[in-house]
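Okay, here's what each chain looks like letter by letter:
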Amino acid sequence: MSRKKKRNDQKFTVGMKKKLVVLFALVLLAFVGLGVRLIFITKDNGEEYEKQVLSQLQYDSTTIPFRRGEILDANGTILAYSEKVYNVILDAKLLLGKEDYLEPTIRALVTNFGLDASEIRTYLSEHPTSQYYILAKKLSFDEISAFQEMITPGTDTYDENVQGIWFEANYIRKYPNGSLASDVIGFTTGDNVGVYGLEEYYNSTLSGTAGREYGYLDEDSNLERTTIPATDGDNIVTTIDGNLQNIVEKYLYQFNETYANNVRTGNGANNVGCIIMDVDSGDILAMASYPNFDLNNPRDTSKLIGMPAVDEKGNKLSGESVYDSGVYITEEMLAEFTDEELYQNYNALWKNFCISDTYEPGSVAKPFTVATGLEAGAITGNEVYNCTGSLNVGGWDIKCHNTYGDGEVSVERAIEISCNVALMHIGQAIGVNTFTKFQKDFGFGLKTNIDLAGEARTEGLTYSASDMGATDLAVNTFGQGFNVDMIEMITGFCSLINGGYYYEPHVVKKIVSSSGSTIKNIEPRVLRQTVSPSTSEKIIQYCEAVVMGDEGTGKTARPAGYRIIGKTGTAQTLPRGNHQYIVSFMGAAPADDPEIAIYVVVDRPNVADQSTSTRLATTLVRQILTEALPYLNYPMTEELSKSEQAELEELREQLVTTAIEVQSDQASEDASDSEKNEDNNESSENASNVSESTDNSGNTSIWETFDRDAETGYYVDPETGALIDPDTGTVSYGDELPDFSAGSASSEKSD
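Residues numbered from 1 in each chain as written. Predicted model: local features only at pLDDT ≥ 70, side-chain atom pairs only at ≥ 80, totals over all residues. Heavy atoms only, no water.

Asks: Any details on the side chain of T462? Residues and values, ideally.
Replies: Within the secondary structure, T462 sits in the loop between α17 (432-441) and α18 (470-476). The exposure class assigned to T462 is buried, which follows from its relative accessible area of 14%. Within the structure, the side chain of T462 is placed 3.1 Å from the side chain of K440, a separation counted as a polar contact. Discounting chain neighbours no more than four positions away, the residues touching T462 are Q439, K440, F444, G445, F482 and N483. (Helix = DSSP H or I, 4+ residues; strand = E, 2+ residues; numbered from the N terminus. Buried < 20%, exposed > 50% of the residue type's maximum accessible area, 1.4 Å probe, protein only. Polar contact = N/O pair within 3.5 Å; in protein donor to acceptor, adjacent residues only side chain to side chain. Contact = heavy atoms within 4.5 Å.)

In structure tokens:
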């Protein structure tokens, strides 16, 4: 019985086998169906499901900022650099992950950064899953270092319960010299992009490439990480001499302090600009204008006060009268400005006047006209013209600055005394075709391509031969009827006095990598030859007479102890007859072999009579060069008067550069010679003490026989009551002409 029972227990019936096969088939079919379903899911919705899965993992990805390159002056002084700063970032999710983290972390934040504990708690309660919130911005390394040690394992102050806080590195732009060279340098926006000046022009050079550190963390905090380091920007070394720049800006500021709110509310002039340039290379040694602004705080509204307000197109608002130079910004106006109005006036402040504003140059253009005549063979330089005070051209009586007439005027004397009539005769000899050709050779109507953002386009602001009539030619010869900007004028002038070589102006001389290796040297570049060396020598001779000649209109530009060359200019603005002028002086030193050129422009000075205010520009040149030439190690060549010695002694007390040594032999010069030199110097500076000027034949000018006004020192015409400048013989507003009906041009008050 037991053997039979055992046999029955081990028997596997056919029915059972069938059931097992069916079950296996069903399971197999289920897996096949599931596989097919997965294939379709992967095919149709694979990316969506993949994202859902990946989103449940914690990723770690951080941008590594690049360091923007430095801007240095020619002496290696840093003008702009980038400083590393840190934002304090709160990861609320991590901080709230463990109860032990909360209090120690908040306490550490309050202690180290002075944050408000209640504000942190409020944010945590309202955003418990947030992983990025900025608690503090732009802190220096010194400000975060103590907290950094608290969250760094292995340090003495490490606290494992301070969690959920990390530091986000970034860079901010710093300008250690504040407003120095603000027009040249420009600044950067919040996202590290350059605007205006070098910052904008060389933005791609100064900018680097951001790096990235990325990977992902799983639940066990196992991290797969890859780091691509940031590439820092390159540095640029400029041609700007920081000491010269300081000198220029000091005197522009002093000018404004002297003339601000003088006869009207507002700055000392609408704009004042100065460029100092290397004659033989195109290097810009200094470039400045006033008003300027603080590069570290370019949106300081106080810098707008006193400026002429502008409209949405950047044009100056018109005053109530045609004689008003503009509408000047006051604190009350600032309070009423909309954001748009504020921004458009900021743009006017940030622009570089030396390259962005165009104007009619006036008589500083006369050397170009004479050079054209000499180079083209239209004149020899030996001609003599008769100036009766005006010349009729095209039916218009175009007056000279001396409306009483200058008598017989040679070519050299025409430049020395700035005779419009002689220049118009020279223009007639040249002709429109040659005149317009040489204007283009000198760069008028063309961009210089200086390496600064914002250079004006003057194409269309000069005449072509087909458009120029006889009257247009006449007034163009003395700098009216066409527009230029400052950089055009001084670049062309350098070619007139360096043998005829037109150099492309530039502000950067070298590009250096962040590691210090030189990437590129920017060499001087000659674009063309404008005049021959012989013509250049004559222009130097003629321009020297402007400053050193007995009748020179630029005598007040001569710095103590030096001979220089130059040309004055006083240009009418539009509309004609508005009594608004631009006065200027363009010169170079030393006189025997010019190496540096200087150009000063004063746009609508804040004085009662702008037509006779050329002295403002020449005085600025004198002040700047009196300090700049000794700094540049040019030896004095001229004897010093007692007043000049006293001037230099006083200057030594306040110099921003090397002290000027007054030569001892000058102090012991013969008393009579000293007194004579002193009188000559003072006569150049003071209207009430002017040395007698004579015409070419040695006769006293008519206006010198008139009585003088005791208050101003000017001569007074007994018939008209007009005031006459004792330095130049210019009649106050005496040579203004109406706007020509053809709309072509008008004439200048030119001295």
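After that view, the rundown keeps rolling.
Asks: Just give me the short version of a nonpolar patch on the surface, but keep the residues and values in it.
Replies: A cluster of nonpolar side chains, contributed by L20, L23, V27, F31, L34 and L38, occupies part of the molecular surface with about 600 Å² of accessible area. Examined against the element boundaries, L23 turns out to sit in helix α2 (residues 14-55). (Patch = residues over 30% accessible without salt bridge, like charges linked within 9 Å, V, L, I, M, F, W, Y side chains within 5 Å. Areas by Shrake-Rupley, 256 points an atom, 1.4 Å probe, with all protein chains shown as cover. Salt bridge = Lys/Arg side-chain N within 4 Å of Asp/Glu carboxyl O.)

Asks: Go over the environment of L648, please, and point to the residues and values.
Replies: Positionally, L648 belongs in helix α22 (residues 642-652). For L648, a relative accessible area of 0% gives the class buried. Taking the C-alpha atoms as reference points, L648 and G561, separated by 87 residues in sequence, lie 9.9 Å from one another.

Asks: Report on the packing of helix α14 (residues 366-376) against helix α19 (residues 486-497), specifying residues and quantitative values.
Replies: Helix-helix packing is characterised by the crossing angle of the two axes and by the distance between the axes. Relative orientation of the contacting elements α14 and α19 amounts to 40 degrees, with a least axis distance of 11 Å. Put simply, α14 runs oblique to α19. Crossing of α14 against α19: the hand is left-handed. For the pair formed by α14 and α19, the contact residues are P367, F368 and A371 on the first element and M489, G492, F493 and L496 on the second. (Axes fitted to C-alpha atoms, helices over the stretch in contact; angles between N-to-C directions. Parallel < 35°, antiparallel > 145°, perpendicular 65-115°, else oblique. Left-handed = near helix turned anticlockwise from the far one by under 90°.)

Asks: Could you give an account of the packing of aromatic side chains, naming the residues involved and the relevant values?
Replies: Per the counting criterion, the structure on display carries 21 aromatic pairs. Where Y253 meets Y290, the ring centres are 6.4 Å apart and the plane angle is 65 degrees; that geometry is what we call edge-to-face. On the criterion of sequence distance, the pair formed by Y253 in helix α10 (residues 242-259) and Y290 in strand β12 (residues 284-290) is long-range, its members being 37 residues apart. Y290 sits in the buried class, given a relative accessible area of 17%. Their ring planes at 65 degrees and their centres at 5.0 Å tell us that F368 and F444 sit as a pair that is edge-to-face. Placement of F368 in helix α14 and of F444 in the loop between α17 and α18 is noted, with a sequence separation of 76 residues between them. Taken individually, F368 and F444 each receive the classification buried, so the pair is uniform in this respect. Three or more aromatic residues joined by ring pairs make a cluster, and in this case those are F187, Y196, F293, Y343, Y346 and W350. When the ring centre of F438 is taken as reference, the NZ or CZ atom of K437 above it lies at 4.7 Å. (Phe/Tyr/Trp six-rings, centres within 6.5 Å; stacked < 30°, edge-to-face > 60°. Lys NZ or Arg CZ within 6 Å of the ring centre and 35° of its normal.)

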